[in-house]
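Remarks on the overall topology
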Amino acid sequence: MYQIRIHGRGGQGVVTAAELIAIAAFNDGHESQAFPHFGVERTGAPIQAYARIDDKPIRTREHVYKPDALIVQDPTLIGTVDLAQGCHKDTILIVNSSLPKDQLGINFDLENIYVIDATNIALDILGKNIVNTVILGTLAKINNLISLEGLTKAIKQKFAGKDKSLVEKNIKAVTKAFNS
Amino acid sequence: MRQILEGSQAIAQTIKNINPAVISAYPITPQTHIVEDLAKFKADDKAKYTYVRAESEFAAASIVAGSSATGVRVYTATSSQGILLMTEVLYNIAGMRLPVVLTCANRGVSAPITIWNDHQDAMSIRDAGWIILFAENHQEAVEQHLLAYKVSEQVGLPVMVNVDGFVLTHTYEGVSVPSTNQVKNYLPDYKPAKGAFLDTDNPASFGAFAAPAYYMEIREELHDALVDSQKVLKREYENLKQAIPEVIKQSEKKAQVNNALIEYYGPKNPTTVLVAMGSLVGTVKDAVDEIENNAGLKAKLNINSVGVLKIKTFRPFPEKEVLKIIQKAKFVAVLEKAVSLGATDGPLALDMKATAKNETLAKVQSFIVGLGGKDITKKMIDKILVEIKKPGDKMKFINK
């Protein structure tokens, strides 16, 4: 079972990101699960959401305490919340930042750190600082956990009924992150 | 077709395909996407039902009670404070033998204010005369709603399907929702019997005055009908398997026993049985498998053989089915997300102790977990497996 924990702030689409991962994995033929760390979600408050992927039905409902992948949507969370909780040496960390790896201020030991300037891509393509989908392009690129096709389809499913250009822009942003 | 959906969406789609004539709900917190989606289906002209937005849960329950009394299929959903406000009407619905189906998206109750999951709300309806089902996952929730209508309309009793608030309602996972045609295969249009509804050609009265000469007999009849409904629940679960295999085939493959009332997962004649209801069962199964696959942990916790007993039907309480599973066990740990404040044990544990008494030598102990949304971890389950072997059987709150 592969477990993902996403950290972000209320209003940044943290829950949607977890759901997109689960939908994408499901589209790829896996079993998956996504749920938020249910809270009173005020804009700007630190929040978490979780996703699990496996090849057999997922039964557990506990929060993700030992993530295999950790996504940080907002770099201001580094040093403010316990991102390191349960991380192991193979945990993949993906951070949205314009800074290089060694200047992020990450003080826990991880071998696999990926930095993506998702804010820049989001501002460029979406016209606002909503990075949740963009980072998923990086996740798809790093390992075979979810495919770009599965993710693209997931965006179409999740945003069905919304403005068509929004779907197109999100797919464009994800693809850009995937290719960068 | 199997899709990935939020629990609420899966239930809403199932209800849409079941096609009740009247749906009524109060739309404000504590409410779920279930009734939001059902309202949207109606607004988008994808559903035929009459959707009545009520001014409170009391009104919503009254509207479905009245509609059901006219002889049509009805639906409502609520949770926590909402179900407490409905309570008076819910007792009436059972007393009037109306086949109402209600989804309770389980949440804790105030005070202090909570919006998070536990089973305290459902327990407030425990003695009301409803058939009370608990679902472990989305697929089981879909199954149980189909079963609810089928049984309810046969036996003239209301059914409450419990799905853990947030833990199921707001979680995405794979699920098969049967199509309208598949539903029709199993659940024909509702045609109430003569005299079982308000009909000017066959006048009848509902919930009439009963003097002491009759009241007790009528209540005893209600109790007997509820107890007898176990047979119908079991039969209709088998019929559901035949009619719509897609919805059942994903249920726990390794289960030794699986019917409408219980599921048992584990070895034959286990030393220890963990008993739970709802979504918690999934975590318990994973914890037990983890121990089974980890010799070190198994030795450390001093575990012989552990099985997991899921209570799917809480009322009527399936004591015979339960007894078969725990008969030879030494330890029975009952994990539950509700308290009967001031009682010796949790509500489910009280039933378990009564079932075990004079029939087994097993020690039955009550463990309260996950109140108000506290996450229930596998570590807690490991801890309970150690606690259950200690002397004494006093109820314990497991906080971490």
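All values reported here derive from a predicted model rather than from experimental measurement.

1. As for the sheet that holds strand β12 (residues 306-311) of chain B
Adjacent strands of a sheet pair through backbone hydrogen bonds, lying either parallel or antiparallel. Residue and element names in this part refer to chain B. In space, the seven strands of this open sheet follow the order β9-β10-β12-β11-β14-β15-β16, with mixed pairing throughout. Sheet topology places β9 (257-258) and β16 (396-397) at the edges, where each strand pairs with a single neighbour. The pairing of β9 with strand β10 (residues 262-265) spans two bridges and is classified as antiparallel. In the strand pairing of β10, Val257 is matched with Tyr264.

2. Overview of the interface of chain A and chain B
Taken residue by residue, the interface counts 21 residues in chain A and 27 residues in chain B. Taken over both partners, the interface formed by chain A and chain B buries close to 2,000 Å², and the fraction arising from carbon and sulfur atoms is 53%. When the area that chain A buries against chain B is broken down by residue, the three leading residues are Phe38, Arg59 and Arg61 of chain A, summing to 40%. At the surface where chain A touches chain B, the tally comes to five salt bridges.

3. Re the pattern of salt bridges
Residues and elements named next belong to chain B. By the definition in use, this model includes 32 salt bridges over all chains. For the salt bridge of Lys254 with Asp289, the shortest nitrogen-to-oxygen distance reads 3.7 Å. Placement of the pair is Lys254 in the loop between α9 (245-248) and β9 and Asp289 in helix α10 (residues 280-292), with a sequence separation of 35 residues. By relative accessible area, which is 18% here, Asp289 ends up buried. Three or more residues joined by partner-sharing salt bridges are found here, namely Glu136, Glu140, Glu263, Lys285, Lys310 and Lys312.

4. Quick word on the packing of aromatic side chains
Any aromatic ring pair is given by two values, namely how distant the centres are and how the planes are angled relative to each other. All names here are of chain B. Here the structure, examined in full by the defined rule, presents three aromatic pairs over all chains. Three or more aromatic residues joined by ring pairs form one cluster here, namely Phe134, Phe314 and Phe317. Over the face of the ring belonging to Phe41 we find Lys16, whose NZ or CZ atom lies 5.2 Å from the ring centre. Stacked on the ring of Phe314, the Lys or Arg Arg315 has its end atom at 4.5 Å from the ring centre.

5. Details of a negative patch on the surface
Residue and element names in this part refer to chain B. A grouping of Glu217, Glu220, Glu221 and Asp224 is seen on the molecular surface, where their side chains present a negatively charged patch. Positionally, Glu221 belongs in helix α8 (residues 212-243). The exposure class assigned to Glu221 is exposed, which follows from its relative accessible area of 52%.

6. Describing unusual backbone geometry
Negative phi values dominate among residues other than glycine, just as trans dominates among peptide bonds. Residue and element names in this part refer to chain B. A cis amide bond links Thr29 to the next residue, Pro30, at an omega of 0 degrees. Summarising the element assignment, Pro30 is placed in the loop between β2 (22-25) and α2 (33-43). Note that the residue after Ala111, namely Pro112, is joined by a cis bond; omega there is 0 degrees. If you trace the backbone, Pro112 turns up in the loop between β5 (101-106) and α5 (120-123). A positive phi angle, close to 65 degrees, is found at Asp45, a residue other than glycine. Within the secondary structure, Asp45 is located in the loop between α2 and β3 (50-53). Non-glycine residue Ser80 carries a positive phi angle of around 30 degrees. For Ser80, the location among the structural elements is in helix α4 (residues 80-95).

7. Quick word on the environment of Lys330 of chain B
All names here are of chain B. Here Lys330 lies in the loop between α12 (319-326) and β14 (331-336). Taking the C-alpha atoms as reference, Lys330 lies 9.8 Å from Asn269; in sequence the two are 61 residues apart. The residues contacting Lys330, other than those within four sequence positions of it, are Thr271, Ala362 and Lys363.

8. Thoughts on the packing of helix α3 (residues 57-69) of chain B against α4 of chain B
All names here are of chain B. Put simply, α3 and α4 touch, their axes get as near as 7 Å, and they point 25 degrees apart. With respect to α4, the element α3 is oriented roughly parallel. Relative to α4, α3 is oriented so that their crossing is right-handed. Every residue of α4 that contacts α3 at Glu57, Phe58, Ala60, Ala61, Ser62 and Ala65 is listed here: Gly82, Leu85, Met86, Glu88, Val89, Leu90 and Ile93. Looking at the contact of α3 with α4 residue by residue, the class counts come to nine nonpolar, two polar and two charged.

9. Remarks on the confidence of the model for chain B
Across chain B, the average pLDDT comes to 96, with 100% of residues at or above 70. Predicted complex metrics record ipTM = 0.96 and pTM = 0.97.

10. Thoughts on the domain arrangement of chain B
Residue and element names in this part refer to chain B. Assigned domains within chain B: domain 1 (2-246) and domain 2 (257-397). A straight line from the C-alpha centre of domain 1 to that of domain 2 covers 28 Å. Each partner contributes residues to the interface: domain 1 has 29 residues there, and domain 2 has 30 residues. Between domain 1 and domain 2 the total buried area reaches about 2,400 Å² when both faces are included, carbon and sulfur atoms providing 55% of it.

11. Brief notes about the environment of Lys396 of chain B
Positionally, Lys396 of chain B belongs in strand β16. Along the sequence, Lys396 of chain B and Gly108 of chain B sit 288 residues apart, while their C-alpha atoms lie 19 Å from each other.

12. As for α4 of chain B
Residue and element names in this part refer to chain B. Taking 1.5 Å of rise per residue, the 16 residues of α4 would be expected to cover 22 Å, and the 22 Å separating its terminal C-alpha atoms lies within 8% of that figure. The sharpest bend along α4 measures roughly 55 degrees and falls at Thr87. For α4, the set of buried residues is Ser80, Gly82, Ile83, Met86, Thr87, Val89, Leu90, Ile93 and Ala94. Here the buried face of α4 lies against α3, β4 (74-78), β5, α5, β7 (159-164) and α8. The positive-phi residue at the C-terminal boundary of α4 is Arg97, with phi of around 60 degrees.

What counts and what doesn't
- Residue numbers here run from 1 along each chain, matching the order of that chain's written sequence.
- Naming scheme: in the order in which they are written, chains are lettered from A and ligands are numbered from 1.
- Two thresholds apply to this predicted model, a pLDDT of at least 70 for residue-level local features and 80 or more for giving and counting side-chain atom pairs, whereas whole-chain, interface and lining totals are computed over all residues.
- Water and hydrogen atoms play no part in the side-chain values, which are based on all heavy atoms of the structure.
- When DSSP finds two or more bridges between two strands, those strands count as paired.
- Secondary structure elements are defined from DSSP: runs of H or I of at least 4 residues count as helices, runs of E of at least 2 residues count as strands, and each element is numbered from the N terminus.
- For this analysis, residues touch if any pair of their heavy atoms sits within 4.5 Å.
- In this description, buried area is defined as the sum, over both parts, of the accessible area (probe of 1.4 Å) that is lost when the two are combined.
- Should a side-chain nitrogen of Lys or Arg be within 4 Å of a carboxyl oxygen of Asp or Glu, the pair is scored as a salt bridge.
- Burial classification: accessible surface area is computed with a 1.4 Å probe over protein chains only, and a residue below 20% of its type maximum counts as buried, one above 50% as exposed, and the rest as partly exposed.
- Note on ring pairs: Phe, Tyr and Trp rings are taken, using the six-membered ring of Trp, and paired if centres are within 6.5 Å. Classes follow the plane angle, with under 30 degrees stacked, over 60 edge-to-face and the rest tilted.
- Put simply, a charge is over a ring when the Lys NZ or the Arg CZ is close to the ring centre, within 6 Å, and near the line of the ring normal, within 35 degrees.
- Patch members must show over 30% relative accessible area and no salt bridge, and they are joined within 9 Å when carrying like charges or within 5 Å when they are nonpolar side chains of Val, Leu, Ile, Met, Phe, Trp or Tyr.
- Reported accessibility uses the Shrake-Rupley method at a 1.4 Å probe radius. Residues are deemed covered only where the shown protein chains occlude them.
- For this count, His and the chain ends are skipped, Lys and Arg are scored as positive, and Asp and Glu as negative.
- Working definition for charges: the position is that of NZ of Lys, CZ of Arg, CG of Asp or CD of Glu.
- Inter-axis angles, ranging from 0 to 180 degrees, are taken between N-to-C directions of lines fitted to C-alpha atoms, where helices are fitted over the stretch in contact.
- When an angle is under 35 degrees it counts as roughly parallel; over 145 it counts as roughly antiparallel; between 65 and 115 it counts as roughly perpendicular; any other value is oblique.
- Handedness of each helix crossing follows the sense of rotation of the near helix against the far helix: counterclockwise by less than a right angle gives left-handed, clockwise gives right-handed.
- Nonpolar residues are Ala, Val, Leu, Ile, Met, Phe, Trp, Tyr, Cys and Pro. Charged residues are Asp, Glu, Lys and Arg, and all others, Gly as well, are polar.
- Looking at any residue, its pLDDT shows the predictor's confidence there, from 0 to 100.
- An automatic or database domain assignment provides the domain bounds reported here.
- To estimate the expected span of a helix, subtract one from its residue number and multiply by 1.5 Å.
- Note that the bend at a residue is defined as the angle between axes fitted to the seven residues ending at it and the seven residues starting at it.

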